[in-house]
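Overview (structure and organization)
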Amino acid sequence: MNTFSLQLYDVTQQQRIENVTSFVGEDANGSFGLQAHHARFMSILVFGLFRYRLQNDNWYYLALPGGVLYFNDNELSISTRHFLIDNDFERISDLLKQQLLAEEEILTATRSSLQKMEQSMLLRLWNLQKQNE
């Protein structure tokens, strides 16, 4: 059976996985699949759960907060901020949900902080304008 290699990169680690027979991913256009010797391909992955199959027919799940996928010369490279790999769908789904909730909390706090800074800056500008009148 034809195989390819999967190279994963994030901000703290990299991992190479050999003997991959297929990969199922998703981008803004929907789901897609890649197999060995696929034509050159590049895409932006959405936040989600992806999967790949090894030559021994075992499926593994790959959770990503989005990333850049590039397939060339029988090597699939994925660059992302963080990735999780597990062969148990339920376990990795729970981890992905926890990660999504944590990122949402951080995003909400960041938006709130930006709103407070904007309000403070507008108040200062308004006070400066009043002083100059």
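Residues numbered from 1 in each chain as written. Predicted model: local features only at pLDDT ≥ 70, side-chain atom pairs only at ≥ 80, totals over all residues. Heavy atoms only, no water.

1. With respect to the pairing of strand β4 (residues 41–54)
Bridging between strand β2 (residues 14–27) and β4 involves five bridges; their strand directions are antiparallel. Bridge pairing in β4 links Asp27 to Leu45. With 12 bridges connecting them, β4 and strand β5 (residues 59–72) associate as antiparallel partners. Looking at β5, one finds that Leu49 is bridged to Ala63. The antiparallel hairpin formed by β4 and β5 contains four residues in its connecting segment, where Asp57 sits at a positive phi of about 75°. (Pairing = 2+ DSSP bridges. Helix = DSSP H or I, 4+ residues; strand = E, 2+ residues; numbered from the N terminus.)

2. Let's talk about the packing of aromatic side chains
Given two aromatic rings, one states the distance between the centres and the angle between the planes to describe the pair. Under the definition given, this model contains five aromatic pairs. Ring geometry for Phe4 and Phe71: centres 5.3 Å apart, planes at 80°, overall edge-to-face. Of this pair, Phe4 sits in strand β1 (residues 4–9) while Phe71 sits in strand β5, and the two are 67 residues apart along the sequence. Relative to Phe41, the ring of Phe32 lies with its centre 5.2 Å away and its plane at 55°, an arrangement referred to as tilted. Its relative accessible area of 15% is what places Phe32 among the buried residues. (Phe/Tyr/Trp six-rings, centres within 6.5 Å; stacked < 30°, edge-to-face > 60°. Buried < 20%, exposed > 50% of the residue type's maximum accessible area, 1.4 Å probe, protein only.)

3. Section: the pattern of salt bridges
Think of it this way: side chains of opposite charge can pair up when their charged atoms draw near. In the structure shown here, the tally under the stated rule is four salt bridges. Across the pair Arg81 and Glu103 runs a salt bridge, and its minimum N-O distance is 3.6 Å. Here the residue Arg81 occupies a position in the loop between β6 (75–79) and β7 (84–86), and Glu103 occupies one in helix α1 (residues 89–132), the gap between them amounting to 22 residues. Among the salt bridges present, the one from Asp86 reaches Arg91, with a minimum N-O distance of 2.5 Å. Overlapping salt bridges bring together Arg16, Glu18 and Glu75 as one network. (Salt bridge = Lys/Arg side-chain N within 4 Å of Asp/Glu carboxyl O.)

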